[in-house]
Amino acid sequence: MVLKKCHASMLFLMLISTLVFSQNAEITVEKIWKSGEFSSKGVHGIRSMNDGLHYSSITTSNKVQYLIRYAYATGNAVDTLFSSNGLKDAEGNAFSFSSYEFNSDESKLLLANNEEGIYRHSSKAFYYSCNVRNNNIAPITDFSKGKQQLASFSPVANTVAFVRDNNIFLGNLDKGTEQAITTDGKWANIINGAVDWVYEEEFSFHRGFYWSPDGKRIAYYRFDESQVPEFNMAMYTGLYPSLYNFKYPKAGEQNSLVQIFIHDLGNNASREVEIGANPEQYIPRISWTQTPGKLCIMRMNRHQNHLEFLLADAEVAGPTVSTIKIYDELAETYIDINDNLIFLEGGKYFFWNSEKDGWNHIYILDMTGKEVAQLTKGNWEVTEFYGVDQKNKTFYFSAAMEGPLSTAVYSTNYSNAVKGFEKSGKRTDPVADTRKNHVKLTQNTNTNRADFSSSYSYFINTESSASTPPQTVLMDRKGKEIRKLETNDALMKRLANYTLIPKEFGTFKTTAGHELNYSMIKPANYDPSKKYPMMLMIYGGPGSNTVANRWGGADFFWHQLLAQQGYFIISVDPRGTMTRGRDFKHSTYLQLGKLETEDFIETAKYFGSQGYIDAERIGIMGWSYGGYMSSLCMTKGADFFKLGIAVAPVTNWKYYDSIYTERFLRTPQENPSGYEDNSPINYVDKLKGKFLLVHGSADDNVHYQNSMEMIKALVDANKQFDLYIYPDKNHGIYGGNTRNHLFTKMTDFILSEL
């Protein structure tokens with residue numbers, strides 16, 4: 001297996017090398033964004049079933065959707081769980097569904113029909129229940145009352161909980177009735193069972209209610225956003241533009257007041273959980289433990305550098321549900337929230353991962369918060385925690401153990417750590433580096449990501465490199481290849497017609513002595529005796545990486561297009577980025593943008609001093625945080641960059657949301673210099689080069705206001721620039737011909753001005 005996978009990667013590298021001077025098919029923007037010529041295939045929509053030996057997946061044939069059960073071991077279809085053939089929805093149209101959920105024994109399905117987005121992650125739909133045995137579908141409630149959000153089966157009963165109009169309801173599927181759990185929900189005021197905009201965007205979840213494992217209770221969020229300032233966004237459709245209004249707390253402004261309640265289905269009553277009265281705190285997660293009635297609440301201060309786990313016991317009677325603190329973590333900078341809190345069966349231990357020793361690692365603790373063991377340790381990062389196989393006392397994760405450019409999948413047995421703790425009552429101290437304790441399951445030096453079955457008997461591994469499209473393989477828990485699921489051979493054959501230049505990796509030291517990772521694509525027909533223009537393609541935001549040994553998708557081919565036109569393409573990960581430890585990542589704290597700008601300017605100076613780069617023809621391009629960076633580099637670094645492109649940029653952190661911005665800068669009131677000293681709006685008078693500013697007018701994330709303020713500052717400074725606005729497009733600026741148009745504009749701008 002390993003030899004085959006390595007062989008495929010090496011073969012593709014050899015293919016690129018031999019074709020550099022032999023093939024001349026043209027890479028175009030249209031082929032990248034319209035025809036699908038360079039699109040890779042993946043394996044999506046696979047969901048492990050309860051037994052861990054089978055999975056379900058949606059297939060479509062002749063406009064009929066099928067939900068099929070497959071065997072992991074063979075890949076063979078075992079049976080059809082659902083078919084939309086002949087079914088009609090409530091409006092009389094052919095039935096279709098966009099997502100599904102099983103009940104606990106997999107005898108029923110929830111199917112989302114006619115789904116529509118709300119924000120980036122949230123949506124609402126008409127939900128139907130389906131009996132798997134007879135393929136019958138039925139609405140979960142009266143659809144005339146509106147669409148539902150977040151519908152979820154009870155773990156034990158034929159009941160569904162859902163949100164509608166900011167209230168939580170229970171739908172009894174046997175009786176066809178519904179019951180309101182909350183009644184005070186109101187748009188732009190009170191949200192029950194869902195989350196507000198900033199929690200969805202920055203804490204990365206949108207469900208705001210959770211069934212207890214025994215189905216007796218529902219824990220839920222209540223957001224009071226009545227005092228949160230409202231943002232208005234014009235939508236340019238129809239004869240008169242309309243306004244879309246939503247609550248958006250900007251840096252230093254009022255956040256929602258958050259409460260947690262537990263609703264008891266037995267007595268149809270809700271009690272508030274005691275989480276403290278501080279209106280400035282966050283509740284980034286709640287999670288039921290494996291002990292009946294016990295709920296864990298994560299509480300974090302507004303500075304996001306103090307994290308506590310509170311344990312509530314709903315079994316204890318009283319007007320409210322009291323809590324005790326079982327975990328406390330402090331940081332000088334900030335603490336990142338994740339979904340890696342895992343409570344083990346038996347109610348004695350839980351897993352958590354943290355950067356508290358300077359690197360992101362995994363810990364096991366008892367229910368008093370006492371540390372049982374640090375299970376991973378060393379000057380390397382855990383990048384993803386996949387879960388715990390409690391039957392075999394093994395946990396699974398991926399890590400950049402062999403360097404910051406790639407990740408591998410690992411397994412580790414934790415039984416000895418627990419036995420040692422139970423015998424001595426003391427923490428098991430890890431060795432200086434635990435690499436030898438972990439079993440490497442993916443034997444390559446590329447980027448790997450796993451999706452495990454519910455029993456952890458199998459995992460689907462997606463591997464890619466800078467030169468190899470994603471390869472998706474089914475493996476067993478020991479890392480043995482079972483079969484290939486997707487090799488992207490068709491794409492590799494198409495690529496044989498093109499001149500593709502290998503991406504190279506390296507490091508350089510800045511004048512301040514900081515070593516930075518970079519990637520490089522040389523121009524076609526590169527001649528080291530000549531000087532070439534250079535485009536620096538960047539992002540640079542906290543906890544991100546652009547320099548990695550992974551497939552780059554559409555961006556890779558756009559960079560290849562520019563390389564064919566004679567440009568060097570460079571990317572660099574500045575200070576503040578990930579997989580190099582907490583100190584490197586957190587070095588930008590309170591001065592977001594300052595060190596990154598210095599590092600990008602150092603990049604221009606370093607490569608501009610090389611004999612193969614024309615120092616007078618260096619450009620820079622970025623999107624979102626990268627647009628912020630390119631705007632700063634074109635102003636603060638005006639002497640080093642001739643051209644800049646900023647797509648959907650933040651131009652002043654005062655305009656961005658509270659949770660993200662304050663995590664790194666605190667509030668404008670506390671840290672005014674951190675905001676003012678690193679805002680490109682304040683340096684537009686330094687602009688010298690050609691500058692292209694792009695934004696979608698319906699960007700609910702980085703508001704169009706950022707570019708409007710930048711425009712005003714540029715005009716006031718009498719600086720010429722180019723501007724493209726995409727009406728009614730959000731932060732992604734996509735849909736229809738939009739991406740093709742945008743990348744055509746950016747390509748033409750680079751070719752004509754650099």
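If you're wondering where the values come from, they're calculated on a predicted model, not measured in any experiment.

## What about the overall build of the protein chain?
- For the protein chain, the count of helices and strands is 13 helices and 43 strands.
- Against the compact-globule benchmark of 27 Å for 754 residues, the protein chain has a radius of gyration of 27 Å, which places it among compact chains.
- The buried share among the 754 residues of the protein chain stands at 56%.
- Long-range contacts, defined here as pairs at least 24 residues apart, represent 59% of the contacts in the protein chain between residues at least 6 apart.

## Structural notes on the pairing of strand 8 (residues 136-139)
- Two strands pair when backbone bridges link them, and strand 7 (residues 123-131) and strand 8 are joined in this way by four bridges, in the antiparallel orientation. Counted as the bridge partner of Tyr 128 is Pro 139 from strand 8.
- Linking strand 7 back to strand 8 in an antiparallel pair, the connection comprises four residues, with Asn 135 at a positive phi of about 70°.

## With respect to the pattern of salt bridges
- Under the definition given, this model contains 33 salt bridges.
- Taking the shortest distance from any N to any O, the salt bridge between Glu 280 and Arg 302 comes out at 2.6 Å. Remark: Arg 302 occurs in the loop between strand 21 (294-300) and strand 22 (306-313) and Glu 280 occurs in the loop between strand 19 (269-272) and strand 20 (282-288); sequence separation between them is 22 residues.

## Some thoughts on helix 4 (residues 415-424)
- All of the buried residues along helix 4 are Ser 415, Ala 417, Val 418 and Phe 421. Projected down its long axis, helix 4 shows its buried positions confined to an angular sector of 165°, all on one face. Across helix 4 from its buried face, at more than 90 degrees, point the exposed residues Asn 416, Lys 419 and Lys 423.
- Looking at the buried positions of helix 4, the neighbouring elements they touch are strand 25 (349-354), strand 26 (361-366), strand 27 (371-374) and strand 30 (408-413).
- Phi for Gly 425, located one or two positions after helix 4, is positive at around 75°.

## A short note on the nonpolar core
- If you look at the biggest cluster of nonpolar residues, it comprises 110 residues, and the most contacted ones within it are Tyr 199, Phe 309 and Trp 653.
- Examining the composition of this core, we find that six residues originate from one element, helix 9 (residues 625-635), more than from any other.
- If we skip the residues at most four places from it in the chain, Phe 309 touches Cys 296, Ile 297, Met 298, Ile 324, Lys 325, Ile 326, Tyr 327, Leu 341, Phe 350 and Trp 352.
- Listed in part, the 38 residues of the second largest apolar core include Met 535, Trp 558, Leu 692 and Leu 754.

## Regarding the side chain of Asp 657
- Residue placement: Asp 657 occurs in the loop between strand 41 (643-647) and helix 10 (658-665).
- At a separation of 2.9 Å, a polar atom in the side chain of Asp 657 contacts the main-chain amide nitrogen of Tyr 660.
- The residues touching Asp 657, leaving out its near neighbours within four places in the chain, are Trp 197, Val 198, Glu 201, Glu 202, Tyr 248, Pro 249, Lys 250 and Ala 251.

## Thoughts on the sheet that holds strand 8
- As summarised here, the arrangement of the four strands in space is 5-6-7-8, forming an open sheet in which the pairing is antiparallel. Every other strand in the sheet has two partners, leaving strand 5 (99-102) and strand 8 as the edge strands with one partner each. Averaged over all adjacent pairs, the angle separating strand axes in this sheet is 30°, with direction ignored.
- Of the pairings in the sheet, the one linking strand 6 (residues 108-117) to strand 7 comprises eight bridges and is antiparallel in character. Across the sheet, the residue bridging to Leu 111 is Tyr 128, located in strand 7.

## Some thoughts on the sheet that holds strand 41
- Sheet architecture is open: eight strands sit in the order 36-37-39-38-40-41-42-43, paired in mixed fashion. Strands with a single pairing partner mark the edges of an open sheet, and in this sheet they are strand 36 (503-509) and strand 43 (722-726). Averaged over all pairs of adjacent strands, the angle between strand axes in this sheet comes to 20°, irrespective of strand direction.
- Sheet topology places strand 40 (residues 613-623) next to strand 41; five bridges connect them, and they run parallel. Note that in strand 41 the partner of Gly 622 across the bridge is Ala 646.
- The strands that helix 12 (residues 704-716) touches are strand 42 (690-696) and strand 43; relative to strand 42, the one it contacts most, it runs at about 150°.

## Digging into the environment of Ile 326
- With respect to the element layout, Ile 326 can be found in strand 23 (residues 323-330).
- Here the alpha-carbon distance between Ile 326 and Gly 45, two residues 281 residues apart in the chain, equals 37 Å.
- Once you skip the residues sitting within four places of it in the chain, Ile 326 turns out to touch Phe 309, Leu 311, Phe 350, Met 367, Thr 368 and Gly 369.

## Some details on the confidence of the model for the protein chain
- Per-residue confidence for the protein chain averages 95 on the pLDDT scale, and 97% of its residues sit at or above 70.
- Of the regions scoring below 50 in pLDDT, residues 1-22 engages in 39 contacts with residues more than four places distant in sequence or in other chains.

## Considering the pairing of strand 42
- Here strand 42 lies mainly inside the structure; six of its seven residues are buried.
- Here five bridges tie strand 41 to strand 42, and the two strands are oriented parallel to one another. Within strand 42, the position partnered with Gly 644 by the bridge is Phe 691.
- In terms of strand pairing, strand 42 meets strand 43 through five bridges, oriented parallel. From the neighbouring strand, Leu 693 faces strand 43, where its bridge partner is Leu 723.

## Topic: the side chain of Glu 308
- Looking at the element boundaries, Glu 308 is found in strand 22.
- Residue Glu 308 is classed as buried on the basis of its relative accessible area, which comes to 9%.
- At 3.2 Å, the side chain of Glu 308 forms a polar contact with the side chain of Lys 325.
- For Glu 308, the residues in contact, after removing those within four places along its chain, are Ile 297, Met 298, Arg 299, Lys 325, Tyr 327 and Asp 328.

## Observations regarding the packing of aromatic side chains
- Following the criterion strictly, the structure yields 71 aromatic pairs and no others.
- On the numbers, 6.2 Å between centres and 65° between planes, the contact of Tyr 199 with Tyr 282 is edge-to-face. Residue Tyr 199 is found in helix 3 (residues 197-202), and its partner Tyr 282 is found in strand 20; the two are separated by 83 residues along the sequence.
- Residue classification places Tyr 199 among the buried positions, given a relative accessible area of 2%.
- Relative to Phe 743, the ring of Trp 558 has its centre 5.0 Å away and its plane inclined at 90°; by these criteria the two rings are edge-to-face. Of this pair, Trp 558 sits in helix 6 (residues 553-564) while Phe 743 sits in helix 13 (residues 738-753), and the two are 185 residues apart along the sequence.
- Overall, Phe 743 belongs to the buried group, its relative accessible area being 3%.
- An aromatic cluster is built from Tyr 334, Tyr 539, Tyr 589, Tyr 625, Tyr 628, Trp 653, Tyr 656, Tyr 660 and Phe 664, whose rings are joined through pairwise contacts.
- Sitting above the plane of the Phe 126 ring, Lys 147 keeps its charged end 5.5 Å from the centroid.
- Between the NZ or CZ atom of Arg 164 and the centre of the ring of Phe 169, over which it lies, the distance is 4.3 Å.

## Considerations on the packing of helix 6 against helix 13
- Between helix 6 and helix 13, the shortest axis-to-axis distance is 11 Å and the interhelical angle comes to 30°. Comparing the axis directions of helix 6 and helix 13 gives the class roughly parallel. By crossing handedness, the relation of helix 6 to helix 13 is classed as right-handed. Together, Asp 555, Trp 558, Leu 561 and Leu 562 of helix 6 and Phe 743, Met 746, Thr 747 and Ile 750 of helix 13 make up the contact between the two elements.

Cut-offs used in this document
- Residues numbered from 1 in each chain as written.
- Predicted model: local features only at pLDDT ≥ 70, side-chain atom pairs only at ≥ 80, totals over all residues.
- Heavy atoms only, no water.
- Helix = DSSP H or I, 4+ residues; strand = E, 2+ residues; numbered from the N terminus.
- Rg over C-alpha atoms; globule rule 2.2 N^0.38 Å.
- Buried < 20%, exposed > 50% of the residue type's maximum accessible area, 1.4 Å probe, protein only.
- Contact = heavy atoms within 4.5 Å.
- Pairing = 2+ DSSP bridges.
- Salt bridge = Lys/Arg side-chain N within 4 Å of Asp/Glu carboxyl O.
- Arc of directions from axis to C-beta.
- Core = buried A, V, L, I, M, F, W, Y, C linked by side-chain atoms within 4.5 Å.
- Polar contact = N/O pair within 3.5 Å; in protein donor to acceptor, adjacent residues only side chain to side chain.
- Axes fitted to C-alpha atoms, helices over the stretch in contact; angles between N-to-C directions.
- pLDDT = per-residue confidence, 0-100.
- Phe/Tyr/Trp six-rings, centres within 6.5 Å; stacked < 30°, edge-to-face > 60°.
- Lys NZ or Arg CZ within 6 Å of the ring centre and 35° of its normal.
- Parallel < 35°, antiparallel > 145°, perpendicular 65-115°, else oblique.
- Left-handed = near helix turned anticlockwise from the far one by under 90°.

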